[in-house]
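For reference, the chains in residue letters:
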Amino acid sequence: MRSFTEMWYDPPTRKKILIFGGAGLAFIIILIIIIVVATSGSKPEHFVGSQVLSEVPLVDGHNDVANNLYEHEKNQLSAFDFTNLTGNPKWDNPDNVYKSHTDLTRLMAGKVRGQFWAAYVDCNTTNPVARTLEQIDVIKRLIDKYPDQMELVTEHDGILNAFYNNKIGSLIGVEGGHSIDSSLAVLRLYYELGVRYMTLTHNCNTAWAESHEPNQTSQYNVTGLTTFGQGIVLEMNRLGMMVDLSHVSNETMHKVLDVTKVPVIFSHSSAYGMTTSTRNVDDSVLLRLKDNKGIVMVNFGSKFVRTGSDPAVNASMADVIAHLDYIRNVTESTDYVGIGADYDGLSEVPDGLEDVSKYPSLFDKLAETYDYHRGWTREELSKLASGNLLRVMTAVEQYRDEKKGVLNENILDNSTTTTV
């Protein structure tokens, strides 16, 4: 048998080698191209959902750590260490009504880069304005105590700046219209102190707005929203303070949507069509949000998201995903949904979402496709994380800027004129 060298230097044989060898090489190249094209074109881009949280800020609409500061520390921060509360005998006590889900270590692990801290006082507080000021004060002092991790934010671009600096952009919301004691002057001063949303009611009627609580014992017999309540909504629009409809009745929701000039928020509510709690948002309101361009920030409380009929069975991450999917399906969009977990204000949280460190796990699961769940895309998860909220904040700020120079002389409930 001749060697390859001998065959190569024999012209007729070399010609055959070139013809058949070249054809074989061409076949291999074509086969590789077909495989690459087929595989790249048949599958969508695969990504891990939590990757989005390194690209855009995750902003949560409601956290009650300030109320726990009042309950556990009497708002004294000198000896309080917010770095890590796991195992803290006062905070991590199983007998506490409202569990501790939040500290700086877990916030950073959870990729939280924007947080609305709730200034909440009880409906039966003797002096609600003074107590609310104390809660605003303790939030601001907490932020000041940890300048390397937290930054006070009052505008949408401040959230982005904090994100780029790897800090938690910290915003303030007042939870409950009783905190203004029916005074527009107080409302305006809250705005000057940095408050950027107010929940119109808590679990009690105000003199001008109806709460969600059925048959609740209140000194005020109100249905929906009074004329003065409409004036409060319009004044919040003028100021640039977001109107929060969590805790209000369905009638109040619709009345506000009739009046408001800008998008509204639900800072910590879920879908009534999945879990029939009066704290949740029904389909009629969800559909109106498409016109209003507002946002429902889904609450993680087990009793607000549990989809099973047995209250003894705890909710799970799958229940929260079901609520997010439901809002996406009813509104036919991911433009009207966000996250407002209500951590530190809950007695029960879903399995898999035990504290603020678990957001990445939620986003990972949302990106997957399984059973009846269509995986959320990168763009959809970006909107959920903060894109939708930033859009709402931008619209509210733009309307405020348009109204600069327009004065409102109203002060109390007996005022007779409203300028918008």
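Residues numbered from 1 in each chain as written. Predicted model: local features only at pLDDT ≥ 70, side-chain atom pairs only at ≥ 80, totals over all residues. Heavy atoms only, no water.

Q: Help me out: how do you make sense of the overall build of the protein in this one?
A: A count of helices and strands for the protein gives 14 helices and 9 strands. Considering the protein as a whole, with its 420 residues, one finds that 53% of them fall into the buried category. In the protein, once contacts between residues fewer than 6 apart in sequence are set aside, the share between residues at least 24 apart is 69%. For the protein, the accessible area works out to roughly 18900 Å², and carbon and sulfur atoms hold 54% of it. (Helix = DSSP H or I, 4+ residues; strand = E, 2+ residues; numbered from the N terminus. Buried < 20%, exposed > 50% of the residue type's maximum accessible area, 1.4 Å probe, protein only. Contact = heavy atoms within 4.5 Å. Areas by Shrake-Rupley, 256 points an atom, 1.4 Å probe, with all protein chains shown as cover.)

Q: Before we go on, may I ask you to explain the nonpolar core in this structure?
A: Generally speaking, soluble globular proteins have nonpolar side chains that are buried together. One finds Phe-82, Met-198 and Leu-200 to be the most contacted residues of the largest nonpolar core, which totals 92 residues. When residues in this core are grouped by element, the largest group, 7 residues, is from helix H12 (residues 317-331). Those residues in contact with Met-198, other than ones at most four positions away along the chain, are Val-174, Gly-176, Gly-177, Ile-180, Leu-187, Trp-208, Ile-232, Met-236, Met-241, Met-242, Val-243 and Asp-244. Ranked by size, the runner-up nonpolar core spans 17 residues in total, among them Val-59, Val-153, Ile-295 and Leu-389. (Core = buried A, V, L, I, M, F, W, Y, C linked by side-chain atoms within 4.5 Å.)

Q: Explain the packing of helix H3 (residues 65-73) against helix H5 (residues 128-145) here, please?
A: The relative placement of two packed helices comes down to the angle between their axes together with the axis-to-axis distance. At their nearest, the axes of H3 and H5 sit 10 Å apart, and the two run at 105 degrees to each other. By the angle class used here, H3 and H5 are roughly perpendicular. For the pair formed by H3 and H5, the contact residues are Ala-66, Asn-67, Leu-69 and Tyr-70 on the first element and Arg-131, Gln-135, Val-138, Ile-139 and Leu-142 on the second. Class assignment of the residues belonging to the contact of H3 with H5 gives a composition of 6 nonpolar, 2 polar and 1 charged. (Axes fitted to C-alpha atoms, helices over the stretch in contact; angles between N-to-C directions. Parallel < 35°, antiparallel > 145°, perpendicular 65-115°, else oblique. Nonpolar A, V, L, I, M, F, W, Y, C, P; charged D, E, K, R; others polar.)

Q: Whenever I open this one, the state of the cysteines confuses me. Can you help?
A: What makes a disulfide is a covalent bond joining the sulfur atoms belonging to two cysteines. Scanning the model with the defined rule gives 1 disulfide in all. Note that Cys-123 is cross-linked by a disulfide to Cys-204, the S-S spacing being 2.0 Å. Here the disulfide of Cys-123 and Cys-204 is left-handed, its torsion about the S-S bond being about -85 degrees. Linking Cys-123 in the loop between strand E2 (112-120) and H5 with Cys-204 in the loop between strand E5 (195-199) and helix H8 (227-239), this pair joins segments that are 81 residues apart in sequence. Since its relative accessible area comes to 9%, Cys-204 is described here as buried. (Disulfide = S-S within 2.5 Å.)

Q: What should I look at first to understand the pattern of salt bridges in this one?
A: For side chains of opposite charge, pairing can occur when their charged atoms come near one another. Using the criterion set out here, one finds 21 salt bridges in the structure. Note that Lys-255 is salt-bridged to Glu-251, the shortest N-O span being 4.0 Å. Placement of both Lys-255 and Glu-251 in helix H9 (residues 250-259) is noted, with a separation of 4 residues, approximately one turn of the helix. A residue is classified by how much of its surface remains accessible, and Lys-255, at 33% relative accessible area, is partly exposed. One salt bridge connects Glu-380 with Arg-328, and the closest N-O pair in it is separated by 3.6 Å. In this pair, Glu-380 sits in helix H14 (residues 378-402) while Arg-328 sits in helix H12, placing the two residues 52 residues apart along the sequence. Relative accessible area serves as the criterion here: at 7%, Arg-328 is assigned to the buried category. The network of salt bridges with shared partners includes Glu-155, Arg-400, Asp-401 and Lys-404. (Salt bridge = Lys/Arg side-chain N within 4 Å of Asp/Glu carboxyl O.)

Q: Honestly, the packing of aromatic side chains in this entry has me stumped. Any pointers?
A: Two numbers describe a pair of aromatic rings. These are the distance of the centres and the angle of the planes. Applying the stated criterion across every chain yields a total of 9 aromatic pairs. Summarising the aromatic geometry, the rings of Phe-116 and Tyr-197 are spaced 5.0 Å apart at their centres and angled 40 degrees between planes, so their arrangement reads as tilted. With a gap of 81 residues between them, Phe-116 in strand E2 and Tyr-197 in strand E5 connect regions that are remote in the sequence. Note on accessibility: Phe-116 and Tyr-197 belong to one class, buried. Note on Tyr-343 and Tyr-359: the rings are 6.0 Å apart at their centroids and 80 degrees apart in plane angle, and the pair reads as edge-to-face. Of this pair, Tyr-343 sits in the loop between strand E9 (337-339) and helix H13 (359-367) while Tyr-359 sits in helix H13, placing them 16 residues apart in sequence. (Phe/Tyr/Trp six-rings, centres within 6.5 Å; stacked < 30°, edge-to-face > 60°.)

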